[in-house]
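Structural features, examined
In case you want the letters, here they are:
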Amino acid sequence: MAVLSSSPVAGLRAVLRSAARAVRRTPASVPAVLAALALAVPAAPAAFAASGGPLPDPIALVRPPAAVVGAPALTWTPCPAPQTGFECGTVRVPRDHRNPLGPTMPLAVIRKPAADPAHRMGTLVLQPGGPGGSGVDFVVDNYADLPSQLRDRFDVFGFDMRGVARSGALRCWDDTRYARAVTEALGHPGDGAFDRAVGEAADFDAACQAGSGDLLPYVGTDFAARDLDLLRAALGERQLTFYGRSFGTYLGAVYADLFPDRVRAMALDGAYDPVAYADRPYSYDLPQYLALDGAFGRFLDWCADAGAACPFGGGDPRGAFDRLLGALDADPVVVPGRGTANGYTVVYRVMFTVNSGRADWPSLADALARAERRDPASFVLRPPSSASYAFLTPNVVVECADRDYPADDGYTLAAHLRTASERAPLLGPAMAYGPPTYDHNHATACTRWPAERLSRHEGDYSAAGSAPIVVLGTTGDPDTPYQDAVALSRTLDNARLVTFDAEGHTAFGRSHCAQAAVVRYLVDLIPPDDGLVCADEPDTSGQRSTFGPDTHGGAAEPGDDTRELIGTPS
């Protein structure tokens with residue numbers, strides 16, 4: 001461990017960062033770390049006083065993670081309907097992992113024991129996207145479609161992350177207030193859009209502080225990864241076997257960075273660039289705006305050339321889409337039992353539908369044609385629901401806890417939203433100036449976030465010393481752009497990049513090639529060759545797999561935002 005440099009403040013901060021990382025990775029190093037700190041800390045008060053900054057608490061920074069205290073208790077009982085056939089439980093974890101002996105909070109967990117107990121290998125953790133996706137529901141919804149090799153050899157396990165669903169769901173806007181926000185948002189935001197967006201975000205932030213202020217500092221992914229390690233220990237697993245998709249790849253990357261030696265096998269599908277996501281949020285968000293517009297634009301190009309296969313737009317689908325948004329903003333459609341739908345509603349649904357890739361293009365074309373006819377049965381006219389808001393709330397909050405958005409200086413936020421709208425003109429304006437909902441539109445809320453970011457991960461994401469980590473990226477991914485997977489594969493010390501040359505979000509469940517590579521690695525620990533390319537996307541007549549109806553069970557419609565299905569390759 002280094003001693004203080006010629007800049008006392010910078011040097012001490014470097015010492016503390018080094019100490020924190022040493023203890024996170026090797027709790028047994030605490031005595032040596034404290035001894036080194038004893039040499040560095042005496043100069044700290046004067047140095048920090050001269051710098052005008054507060055003195056960090058070195059002991060808090062290097063306090064060992066909760067796993068040092070011991071594995072939490074876990075008792076399994078049969079799950080109630082609609083999860084019949086699975087086993088459920090609750091695990092209590094420290095609310096604040098800097099204080100592992102302090103107050104705790106519950107995490108809901110679920111598993112399906114291995115179908116072939118005689119050949120059971122351990123536990124496979126499945127982690128959905130989001131943030132905000134329920135890991136419990138993800139296991140229930142997808143277990144039957146998992147390859148038999150995984151169901152036979154592993155207990156299949158999932159959990160609701162802190163602040164999500166059954167694990168202390170965050171409370172911000174209530175359903176009535178959220179419904180008002182999305183109903184008043186527009187497909188063509190128009191004059192005054194920036195001020196309206198900032199005002200809505202400020203109201204959302206205030207509601208979060210009022211409803212969940214005591215939890216907001218503790219829902220970041222660093223603490224969720226420490227929860228995952230406690231769950232690993234509670235399950236009796238020496239190492240972690242993990243498949244994560246979309247946001248689940250960020251949880252996996254943080255876990256591997258904290259506990260690289262505890263990774264048995266990990267596959268990260270639809271990967272985040274963790275450094276840009278956490279530390280350069282504006283540079284991370286803009287590519288998602290561009291990827292979404294690019295994917296939808298390719299659909300519109302297909303539609304223009306598809307003849308009778310695309311009933312939308314009369315040969316000019318781009319112009320027709322723009323006119324549709326304007327017409328619905330001016331005269332919304334009443335959707336029985338769901339409220340009203342306008343141009344914003346269409347943009348919101350399209351944003352999720354394009355995740356399904358080419359297989360859902362005919363369904364999307366039909367839905368847009370129905371919307372042109374003002375048919376309330378069109379799925380692109382389905383307003384967000386209570387289940388939507390239960391997903392969107394933690395989606396915003398966790399990202400605001402994770403990401404280091406700069407405080408608004410009166411210029412940067414406005415410039416970012418303007419750039420996103422101009423460079424992604426199809427879907428960008430409605431999302432940029434809409435209320436806080438999903439992923440790339442969180443800047444208005446996060447630049448003014450009222451809570452401390454105590455549970456944000458600080459690390460380089462190299463996961464030095466880990467087992468191979470398989471990173472999957474889809475070239476036409478509208479949600480997590482392909483370059484994110486490339487960046488993660490280069491950031492990790494020991495990665496294998498698998499490329500799915502296709503439209504849509506994620507590869508497992510849509511590509512036989514990619515799925516076979518993942519299964520072989522998770523079961524046999526034989527990783528794919530770095531640079532493997534799979535080009536077996538289902539075409540527009542293929543079987544659909546869709547990204548996340550508002551209840552669980554049965555097939556999901558395209559554009560569903562509340563349920564995430566892996567599917568099976570056609």
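Residues numbered from 1 in each chain as written. Predicted model: local features only at pLDDT ≥ 70, side-chain atom pairs only at ≥ 80, totals over all residues. Heavy atoms only, no water.

**Examining the nonpolar core**
The line we're drawing: Remark: nonpolar core denotes a set of buried residues (Ala, Val, Leu, Ile, Met, Phe, Trp, Tyr, Cys) joined through side-chain atoms within 4.5 Å. Residue burial is assigned from relative accessible area. The probe radius is 1.4 Å, only protein chains are included, and a residue is buried under 20% of its type maximum, exposed over 50%, and partly exposed in between. Under the scheme used here, helices are H or I runs from DSSP no shorter than 4 residues and strands are E runs no shorter than 2 residues, and both carry numbers assigned from the N terminus. Any two residues whose heavy atoms approach within 4.5 Å at even a single point are treated as in contact.
Membership of the largest hydrophobic core comes to 127 residues, with the highest contact counts inside it found for Phe296, Phe312, Phe321, Val346 and Leu368. Here this core gets ten residues from one element, more than from any other, and that element is helix α12 (residues 281-305). For Phe312, the contacting residues outside a window of four places in its chain are Leu300, Cys303, Pro317, Ala320, Phe321, Leu324, Ala365, Leu368, Ala369 and Glu372. Membership of the second largest hydrophobic core comes to 34 residues, among which are Val136, Val470, Ala507 and Cys534.

**What to know about the sheet that holds strand β11 (residues 495-503)**
Heads up, the condition is: Two strands are counted as paired when DSSP detects at least two bridges linking them.
Spatially, β1-β2-β3-β5-β4-β6-β7-β10-β11-β12 is the arrangement adopted by the ten strands of the open sheet, whose pairing is mixed. Among the strands making up the open sheet, the edge pair consists of β1 (77-78) and β12 (532-534). Relative to strand β7 (residues 263-269), strand β6 (residues 240-245) runs parallel, the two being bridged by six bridges. In the strand pairing of β7, Gly244 is matched with Leu268.

**A closer look at the confidence of the model for the chain**
To keep it simple, the criterion reads: As a per-residue measure, pLDDT reflects the predictor's confidence and takes values from 0 up to 100.
Of the residues in the chain, 84% have a pLDDT of 70 or more, and the chain-wide mean is 88. Across residues 1-17, confidence stays below pLDDT 50; counting only partners more than four residues off in sequence or on other chains, it has 27 contacts. Contacts for the low-pLDDT stretch residues 542-555, under 50 throughout, to residues beyond four places or in other chains number 59 contacts.

**Overview of the side chain of Ser378**
Just so we agree on the cut-off: Polar contacts, as counted here, are pairs of nitrogen or oxygen atoms within 3.5 Å of one another; within protein the pair requires one atom able to donate a hydrogen and one able to accept it, and residues that are adjacent in sequence qualify only if both atoms are side-chain atoms.
Along the polypeptide, Ser378 turns up in the loop between α15 (361-372) and α16 (386-402). A polar side-chain atom of Ser378 sits 2.6 Å from the main-chain carbonyl oxygen of Ala367. Apart from the residues within four sequence positions on either side, Ser378 is in contact with Ala367, Arg370 and Ala371.

**A few points about the pattern of salt bridges**
Operational definition: In what follows, salt bridge is the name for a side-chain nitrogen of Lys or Arg lying within 4 Å of a carboxyl oxygen of Asp or Glu.
Summed over the entire model, instances satisfying the criterion amount to 26 salt bridges. The salt bridge partner of Asp229 is Arg232, with a shortest N-O separation of 2.8 Å. Of this pair, Asp229 and Arg232 both sit in helix α9 (residues 221-234), three residues apart, which is roughly one turn of that helix. The exposure classification of Asp229 matches that of Arg232, with both residues buried.

**Regarding the pairing of strand β10 (residues 469-476)**
Filter applied, for reference: Call a crossover right-handed when, viewed with both strands pointing away from you, the route from the first strand across the helix to the second goes clockwise.
Along β10, seven of the eight residues are buried, which leaves the element largely enclosed by surrounding structure. Summarising the sheet, β7 and β10 pair through four bridges and their orientation is parallel. Within β10, the position partnered with Leu268 by the bridge is Val471. Note: β10 against β11, seven bridges, orientation parallel. Among the inter-strand pairings, Thr474 is bridged to a residue of β11, identified as Phe500. Since β10 and β11 lie parallel, the crossover through helix α20 (residues 482-491) that links them has a hand, and here it is right-handed.

**Focus: the pairing of strand β3 (residues 104-112)**
Both strand β2 (residues 87-94) and β3 contribute to a ladder of eight bridges, which runs antiparallel. Within β3, the position partnered with Arg92 by the bridge is Pro106.

**Notes on the state of the cysteines**
What makes a disulfide is a covalent bond joining the sulfur atoms belonging to two cysteines. Basically, it comes down to this: Only a pair of cysteine sulfur atoms within 2.5 Å qualifies as a disulfide here.
As enumerated under the stated definition, the model contains five disulfides in all. The disulfide partner of Cys172 is Cys208, and the S-S distance across this bridge is 2.0 Å. When the S-S torsion is 110°, as for the bridge of Cys172 with Cys208, the disulfide is right-handed. A residue pair is termed long-range when its members are at least 10 positions apart, and Cys172 in the loop between β5 (154-159) and α7 (175-184) and Cys208 in helix α8 (residues 193-212) qualify at 36 residues. When its relative accessible area of 13% is taken as the criterion, Cys172 is described as buried. Classification of Cys208 as buried rests on a relative accessible area of 0%. At a sulfur-sulfur separation of 2.0 Å, the disulfide partner of Cys400 is Cys446. With the S-S bond torsion at -90°, the cross-link from Cys400 to Cys446 turns out left-handed. Taken together, the residues span a long stretch of sequence, with Cys400 in helix α16 and Cys446 in helix α19 (residues 443-446) at a distance of 46 residues.

**Observations concerning the packing of aromatic side chains**
Just so we agree on the cut-off: Any two rings among Phe, Tyr and Trp, with Trp reduced to its six-membered ring, count as a pair given centres within 6.5 Å; such a pair is stacked if its planes are under 30 degrees apart, edge-to-face if over 60, and tilted if neither. Only when the NZ of Lys or the CZ of Arg is both within 6 Å of the ring centre and within 35 degrees of the ring normal is a charge said to sit over the ring.
Applying the stated criterion across every chain, the model contains 27 aromatic pairs. Note on Phe86 and Tyr143: the rings are 5.8 Å apart at their centroids and 85° apart in plane angle, and the pair reads as edge-to-face. In this pair, Phe86 sits in the loop between β1 and β2 while Tyr143 sits in the loop between α5 (135-142) and α6 (148-153), placing the two residues 57 residues apart along the sequence. In terms of burial, Phe86 and Tyr143 fall into one category: buried. With 5.1 Å between their ring centres and 50° between their planes, Tyr255 and Phe259 make a pair best called tilted. Residue classification places Tyr255 among the buried positions, given a relative accessible area of 0%. By relative accessible area, which is 1% here, Phe259 ends up buried. Counting every residue linked through ring pairs, the aromatic cluster contains Phe247, Tyr250, Tyr272, Tyr277, Tyr284 and Tyr461. Its guanidinium or amino end placed over the ring of Phe86, Lys112 lies 4.9 Å from that ring's centre, counting from NZ or CZ.

**Brief notes about the packing of helix α13 (residues 317-330) against helix α14 (residues 343-353)**
Test applied: Lines are fitted to the C-alpha atoms to define the axes, a helix being fitted only along its stretch in contact, and any angle between axes, read from their N-to-C directions, falls within 0 to 180 degrees. Between 65 and 115 degrees an angle is taken as roughly perpendicular, under 35 as roughly parallel, over 145 as roughly antiparallel, and anywhere else as oblique. Put simply, Ala, Val, Leu, Ile, Met, Phe, Trp, Tyr, Cys and Pro go in the nonpolar bin, Asp, Glu, Lys and Arg in the charged bin, and everything else, Gly too, in the polar bin.
The N-to-C vectors of α13 and α14 enclose an angle of 135°; their axes lie 7 Å apart at closest approach. With respect to α14, the axis of α13 lies oblique. Of α14, the residues touching α13 (which contributes Phe321, Leu324, Leu325, Leu328 and Asp329) are Gly343, Tyr344, Val346, Val347 and Val350. A breakdown of the residues in the contact of α13 with α14 according to their chemical character gives eight nonpolar, one polar and one charged.

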